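Now for the letters of each chain:
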Amino acid sequence: MSEYLKIEELIALPRLSNPSISNDGTRVAYVKRQVDWDSNVYQWHVWVYENGNNYPLTRGKNESYQPKWAPFDSVHSKTLAYLARPSERDRKRQIFIKPDGDVTAFQVSYASEDITAFQWAPSGEGFFFVSREVEAKPIKKRREIYGDIEYVNREYRNSTLFYLDLQKGLDKTLQASKLPKDLREGNENKENNGTKEEKDELSIQFTCLKNLHIHDFDVASSGKKVALLATPSPNLAEQDKIEIYILDVDSKEVNKLDVPLVGVKRNILFSPDSTCVCFTYLRTGKWFDDKYIAVYNLDNNQITKLTPDVTGINECVSPLRWTTKGILIWWQYKTSSKLGILKLDGKVTPLVADNKSYIQIAAISLDGENFAYIKGGSQDCYELYYNDVRATNQSSILTNKAFAQKEVIEWSSLDGTKVEGILCKPVDFDSSKKYPLLVRVHGGPKSTSLPVALDENTYPIESFVEKGFLVLLPNYRGSNGYGEKFRSLNYQDLGTGDYADVISGVDYLISQGFVDGDKTGVMGWSQGGYISAFCATYSKRFKAASVGAGISNWVTYYVSTDIYPFTHYYLGDTPWNDMKVYEKASPMTYIKNSCTPTLIQHGDSDKRVPVSNAYELYRGLCDVDVETELVIFKNMGHGVNKPGIARALMKQNLIWFSHYILGESIEGESIEGFYLD
């Protein structure tokens, strides 16, 4: 029998993103994430697909991001722009351009801070870009005298919109290349009292935007207007305050549109004729509401709502580009997703006939004639497709290899709600045997587990299956893909409702006769970590648990997370007004009931779920004499940021569940190999 893929092979599998189509339709640029084990980093590089071949634009440590082709009718029409870091010494992302042919790429921007997003000006003569404001001189001076001080919610640096004239950037690059390196660096940074004072002298900053933090923007085809989505500050808790603004480029005046729609707004796009903008909004403002598309006519200030009764789409719709044929939209249905062209009368023309695979992201040419997307399925890894033809071969890694077979199943929860999930089975699955079962709970809760081959970054599904486990990936209440009613079912029912969906899935598989009910475990990251912690303390059903970056106490979480409004939308109020609902949902409430050996993994720089949640759960389990291990990953935030950390997470989980469920050996008083000696 063929071998399953090893942990290191899974982590090293390239990930694809950000497709961009050249305006002549001959090339697709995209980003590929690869692993450099020696440096313990993920590396991002722009690749190009052309004439049936794929080749990298950058290599090694010279990473690149966000490829964008120049407008078709501009002097730079065959030029590709992207973001990159100029050198090991200068790590701030800048705009580079790569003209057609065998020509070296040029740095054209010299922003004082990282450029986070950019667009070509429609003329092709420059770029609009977003970068953070330079730190104010008084704050720099204060740091020199007193050290680093933070006045919470008082001082922040917004992301601001800039414009760069491309020729000025090229001139500076040409001038700098003629100077020795020491003079080149001195020319770019003026000395001020012995310290380098950074200033971008090439770009125009729209200073009238000083009190606005830019989340997203789009440039009108006329080049005279820019549509903005902005909040008063970068505080994530203010996402509900996103407003839509129109910038007049010549006058630098900004006007807020009168949009009487509440809640988070995203996906701002200009129409090809510059007369309208479209965007998405949540139906009533609640985070679990349906997301609708609205069109704002700038000539008459009228709003057209493209709601499900008009489009027939009622789940997770996102506009990607407004073409001359209509708006390219993406939407999800259960565990698949679709692409289509949306007309303003609500008619949707599907672009991809496949209804079983999952499309992550897509791009389309302005005339709507060519499109590209990244898609995966149960027998395929994520691949780049161009006009429905596969352009990459990531799935070659599956050749002569065994891999988990993923099947969509359905069961009834304890209250009768229909729940779907993905069952991962070995290639030689035998329904007459009894298998140990692990449950991997996804985060979110607005996310979805998918039947895509090798679609896992944190837990070693393939290794578990090779060991003889079945793995269930439940799409519990609150998950995307199943409609607003399903997403709202965990309102004021976090924990107990989630547990009901998970445990009913376990019971369903036991009832089928091929799962050993005495050999079950549960694991998850973020919201999945919270649900795993709840399962481990609320119930005695599981023999082992793993809690990754999970919430253990909703009050602790509320007062320390960077997105505290999350608790309002799911628990209904603040803890000071309704402590009972917080206690009911918190794993710590049931700590004395716990008997499940629990592995806790957490990053010490996590702002989304602060590490205090991990320490609280760990101390509680220790106090009630439950076997537990707490592993803190230094300098890691909410997500896994290094391949070495991903490797450690997977190995520790494999050892943990193999020991506590399969009874694998112990060396001394510790689990063999767990400490990664």
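Look up: the structure comes first, before these words.
None of the values given here were measured: they were computed from a predicted structure. (Residues numbered from 1 in each chain as written. Predicted model: local features only at pLDDT ≥ 70, side-chain atom pairs only at ≥ 80, totals over all residues. Heavy atoms only, no water.)

### Description of the overall build of the protein chain
Inference 1: On a plain count of helices and strands, the protein chain comes out with 14 helices and 40 strands.
Inference 2: Taking the principal axes of its C-alpha atoms as reference, the protein chain extends roughly 70 × 60 × 55 Å.
Inference 3: Among the 677 residues that make up the protein chain, the fraction classed as buried is 56%.
Inference 4: Considering only contacts within the protein chain whose residues lie at least 6 apart along the sequence, 58% involve residues at least 24 apart.
Inference 5: About 29,100 Å² of surface is accessible on the protein chain, with carbon and sulfur atoms providing 46% of the total.
Inference 6: Taking the average location of the 78 positive side-chain charges in the protein chain and that of its 87 negative ones, the two points are 2 Å from each other. (Helix = DSSP H or I, 4+ residues; strand = E, 2+ residues; numbered from the N terminus. Buried < 20%, exposed > 50% of the residue type's maximum accessible area, 1.4 Å probe, protein only. Contact = heavy atoms within 4.5 Å. Areas by Shrake-Rupley, 256 points an atom, 1.4 Å probe, with all protein chains shown as cover. Lys, Arg positive; Asp, Glu negative; His and termini not counted. Charge placed at Lys NZ, Arg CZ, Asp CG, Glu CD.)

### Thoughts on the nonpolar core
Inference 1: Core analysis: the biggest nonpolar cluster contains 66 residues, and Phe279 and Trp554 have the highest contact counts within it.
Inference 2: Here Phe279 is in contact with Ile244, Val259, Leu261, Lys265, Arg266, Asn267, Ile268, Tyr292, Ile293, Ala294 and Tyr296, once residues within four sequence places are set aside.
Inference 3: In terms of nonpolar packing, the next biggest core, distinct from the first, is built from 35 residues, Tyr4, Ile422, Trp525 and Ala648 among them. (Core = buried A, V, L, I, M, F, W, Y, C linked by side-chain atoms within 4.5 Å.)

### Concerning a nonpolar patch on the surface
Inference 1: A cluster of nonpolar side chains, namely Ile145, Tyr146, Ile149 and Tyr151, defines an oily patch on the protein surface of about 450 Å² accessible area.
Inference 2: Following the sequence through the fold, Ile149 ends up in the loop between helix 2 (137-146) and strand 11 (159-165).
Inference 3: On the basis of relative accessibility, which here comes to 37%, the residue Ile149 falls in the partly exposed class. (Patch = residues over 30% accessible without salt bridge, like charges linked within 9 Å, V, L, I, M, F, W, Y side chains within 5 Å. Salt bridge = Lys/Arg side-chain N within 4 Å of Asp/Glu carboxyl O.)

### A look at helix 2
Every α-helix winds through 3.6 residues per turn, so residues three or four apart in the chain are directed the same way.
Inference 1: Summarising burial for helix 2: one of the ten residues are buried, a small minority.
Inference 2: Following helix 2 by one or two positions, Gly147 adopts a phi angle in the positive range, close to 95°.

### Quick notes on the sheet that holds strand 37 (residues 598-603)
Inference 1: Ordered by their spatial adjacency, eight strands build an open sheet running 31-32-34-33-35-36-37-38, and the pairing between neighbours is mixed. With one partner strand each, in any of the chains shown, strand 31 (405-412) and strand 38 (628-633) form the two edges of the open sheet. Averaged over all neighbouring strand pairs, the angle between strand axes comes to 20°, with direction disregarded.
Inference 2: Lying over the sheet, helix 9 (residues 527-538) contacts strand 33 (435-441), strand 35 (515-525), strand 36 (544-548) and strand 37, oriented at roughly 140° with respect to strand 35. (Pairing = 2+ DSSP bridges. Axes fitted to C-alpha atoms, helices over the stretch in contact; angles between N-to-C directions.)

### Description of the environment of Phe403
Inference 1: Its place among the elements puts Phe403 in the loop between strand 30 (389-390) and strand 31.
Inference 2: For the pair Phe403 and Asn613, spaced 210 residues apart in sequence, the C-alpha to C-alpha distance is 35 Å.
Inference 3: In contact with Phe403, not counting residues within four places along its chain, are Tyr4, Ser378, Gln379, Leu398, Val427, Ala453, Leu454 and Glu462.

### Points about the sheet that holds strand 5 (residues 64-69)
Inference 1: In spatial order, the strands read 5-6-7-8; together these four strands make up an open sheet with antiparallel pairing. The open sheet has two free edges, formed respectively by strand 5 and strand 8 (106-107), since each of these has just one partner strand.
Inference 2: Pairing of strand 6 (residues 80-84) with strand 7 (residues 94-98) involves five bridges; the strand directions are antiparallel. Directly across from Ala84, in strand 7, lies its bridge partner Gln94.

### Looking at the side chain of Arg142
Inference 1: Examined against the element boundaries, Arg142 turns out to sit in helix 2.
Inference 2: Excluding anything up to four places from it in sequence, Arg142 contacts Gly147, Ile149, Tyr151 and Glu155.

### Some words on unusual backbone geometry
Inference 1: The omega angle of the peptide bond from Gly444 to Pro445 is 10°, so this bond is cis rather than trans.
Inference 2: Along the chain, Pro445 turns up in the loop between strand 33 and helix 6 (461-467).
Inference 3: Its identity as a non-glycine residue notwithstanding, Asn267 has a phi of 60°, on the positive side.
Inference 4: If you check the backbone angles, Gln492 has positive phi at about 55° while not being a glycine.
Inference 5: Its location among the elements puts Gln492 in the loop between helix 7 (484-487) and helix 8 (496-511).

### Details of the packing of aromatic side chains
Inference 1: Summed over all chains, the structure comprises 35 aromatic pairs.
Inference 2: With centroids separated by 4.7 Å and ring planes inclined at 50°, the aromatic side chains of Trp656 and Tyr660 adopt a geometry described as tilted. Within this pair, Trp656 and its partner Tyr660 are both found in helix 14 (residues 643-660), separated by four residues, close to a single helical turn.
Inference 3: Positioned above the aromatic ring of Tyr42, the side-chain terminus of Arg33 is 3.9 Å from the ring centre.
Inference 4: A cation over a ring is seen here: Lys375 above Tyr385, with NZ or CZ 4.5 Å from the ring centre. (Phe/Tyr/Trp six-rings, centres within 6.5 Å; stacked < 30°, edge-to-face > 60°. Lys NZ or Arg CZ within 6 Å of the ring centre and 35° of its normal.)

### Points about the pairing of strand 16 (residues 225-231)
Inference 1: The buried count for strand 16 comes to six of seven residues, which makes it a mostly enclosed element.
Inference 2: Across six bridges, the pairing between strand 15 (residues 213-219) and strand 16 is antiparallel. Residue pairing across strands places His213 opposite Thr231, the latter belonging to strand 16.
Inference 3: Taken together, the six bridges between strand 16 and strand 17 (residues 243-248) define a ladder with antiparallel strand orientation. The residue of strand 17 that forms the bridge with Ala230 is Glu243.

### Description of the pairing of strand 17
Inference 1: Relative to strand 18 (residues 254-256), strand 17 runs antiparallel, the two sharing three bridges. For Tyr245, the partnering residue across the bridge sits in strand 18 and is Lys256.
Inference 2: Where strand 17 folds back on strand 18, the antiparallel hairpin that results is connected by five residues, among which Lys252 adopts a positive phi of roughly 65°.

### Looking at the packing of helix 8 against helix 9
Inference 1: Their axes nearest at 10 Å, the elements helix 8 and helix 9 cross at an angle of 85°. What the angle tells us is that helix 8 and helix 9 run roughly perpendicular. Of the residues in helix 9, those touching helix 8 at Thr496, Asp498, Tyr499 and Val502 are Tyr530, Ile531, Phe534, Cys535 and Tyr538.
Inference 2: Of the residues that constitute the contact of helix 8 with helix 9, the class distribution is seven nonpolar, one polar and one charged. (Parallel < 35°, antiparallel > 145°, perpendicular 65-115°, else oblique. Nonpolar A, V, L, I, M, F, W, Y, C, P; charged D, E, K, R; others polar.)

### Here we look at the side chain of Lys406
Inference 1: Inspection of the secondary structure assignment puts Lys406 in strand 31.
Inference 2: At 5.2 Å, Glu462 is the nearest oppositely charged side chain to Lys406, a buried residue that forms no salt bridge.
Inference 3: In this structure the side chain of Lys406 is engaged in a polar contact, spanning 2.8 Å, whose partner is the backbone oxygen of Val452.
Inference 4: In this structure, Lys406 is in contact with Ser378, Ile422, Leu423, Cys424, Leu450, Pro451, Val452, Leu454 and Asp455, ignoring residues within four places of it in sequence. (Polar contact = N/O pair within 3.5 Å; in protein donor to acceptor, adjacent residues only side chain to side chain.)

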